[in-house]
Amino acid sequence: MDSDQEKKAAAAKSLQWIKDGMLVGLGSGSTAAHMIRGLGEKVIEGLSIKGVPSSDTTAELAREAGIPLISLEEAGTLDINIDGADEFDAKLQLIKGGGGALLREKIVAYNSRINVVITDSAKQVERLGKFKLPIETIPFATKNIITELDKMELRPVLRKKGDDAYETDESNYIVDVDVFKQNDLVGLNNALINIPGVVETGLFLDTTHVIIMGKDDGTVVFEK
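Enquirer: Help me out: how do you make sense of helix α7 (residues 185-193) in this one?
Expert: An α-helix turns once every 3.6 residues. As a result, residues three or four positions apart point the same way. Within α7, the full set of buried residues consists of Leu185, Leu188, Asn189 and Leu192. Projected down its long axis, α7 carries its buried residues within an arc of 100°, all on one side. Residues of α7 that are buried make contact with α5 (102-110), β7 (133-137), α6 (142-151), β12 (198-201) and β13 (203-204).

Here it is, written out as structure tokens:
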């Protein structure tokens, strides 16, 4: 089965976790998009929920699907957050941020009681890092941060959109680095966050409670 069918299967399964009256974090990316469309159908059928989007693109998609939206400030703590991932391992650790929404995604995850991650089977890895780790940086400091990351032998590359630096929804830059040979991801994450001008990293090491993976014509559920 192709990856898109697996994404659809995982997204459809995740809707079982959403109950009437919930405040729901709406993730970003292609798998989350399937979930949002499915959730929109449930809302049209009478499900009463409110969504908090993790990106401008997600907000637009959710509005098109008929999902009522509120701000994180209005919501406070969310009942559940459903989002995708670029990679996950056996410890339910993730790399996220391929689509550039990692900062808001991490904020929404932090402020949610339950985090459900939906993926296709290609995202399951034995070791994180084949997918480059995105780091969100303040433009003012990015050149210096890249120099620092070079010294750490992380092979940093400034993400581009055409000829210009890619800009996030928060008007920051993304630097993608190679962490495949890193054995201490917690230590690495702490070291990265401590560099002035680094806003956030795409390492989601302890936020995930459930992973729903589309596999062939069904789903596999991993729980902490």
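What follows continues from the structure just given.
Enquirer: Would you explain the sheet that holds strand β8 (residues 157-158) in this entry?
Expert: Backbone-to-backbone hydrogen bonds pair the strands of a sheet. The strands run either parallel or antiparallel. With antiparallel pairing, four strands are arranged side by side in an open sheet as β8-β11-β7-β12. Two strands bound the open sheet, and with one partner strand each, they are β8 and β12. Note that β7 and β12 share three bridges and pair antiparallel. Each residue of the ladder has a partner; that of Ile135, found in β12, is Thr201. In the packing of α6 onto the sheet, contacts are made with β7, β8, β11 (173-177) and β12, and the angle to β11 comes to roughly 10°.

Enquirer: I would appreciate a short explanation of the environment of Ile193 in the present structure.
Expert: Relative to the helices and strands, Ile193 is located in helix α7. Along the backbone, Ile193 and Glu136 are 57 residues apart, and their C-alpha atoms lie at a distance of 10.0 Å. Those residues within four positions of Ile193 in sequence are excluded, and the remaining contacts are Val198, Val199, Glu200 and Thr201.

Enquirer: Help me out: how do you make sense of the pattern of salt bridges in this one?
Expert: When the charged atoms of two side chains lie near each other, side chains of opposite charge can form a pair. Following the criterion strictly, the structure yields eleven salt bridges and no others. The partner of Lys123 in a salt bridge is Asp120, and the shortest N-O contact between them spans 2.6 Å. Each member of the pair, Lys123 as well as Asp120, is classed as buried. The residue Asp178 makes a salt bridge to Arg155 at a minimum N-O spacing of 2.6 Å. A residue pair is termed long-range when its members are at least 10 positions apart, and Asp178 in the loop between β11 and α7 and Arg155 in the loop between α6 and β8 qualify at 23 residues.

Enquirer: Can you help me understand the nonpolar core in this one?
Expert: Core analysis: the biggest nonpolar cluster contains 24 residues, and Ile18, Met35, Leu39, Ile49 and Ile67 have the highest contact counts within it. The set of elements that each furnish at least two residues to this core consists of α1 (3-14), β1 (23-26), α2 (30-44), α3 (56-65), β3 (78-83), β6 (112-120) and β14 (210-215). In terms of residue count, α2 provides more of this core than any other element does, five residues in total.

Criteria and thresholds
Residues numbered from 1 in each chain as written. Predicted model: local features only at pLDDT ≥ 70, side-chain atom pairs only at ≥ 80, totals over all residues. Heavy atoms only, no water. Buried < 20%, exposed > 50% of the residue type's maximum accessible area, 1.4 Å probe, protein only. Helix = DSSP H or I, 4+ residues; strand = E, 2+ residues; numbered from the N terminus. Arc of directions from axis to C-beta. Contact = heavy atoms within 4.5 Å. Pairing = 2+ DSSP bridges. Axes fitted to C-alpha atoms, helices over the stretch in contact; angles between N-to-C directions. Salt bridge = Lys/Arg side-chain N within 4 Å of Asp/Glu carboxyl O. Core = buried A, V, L, I, M, F, W, Y, C linked by side-chain atoms within 4.5 Å.

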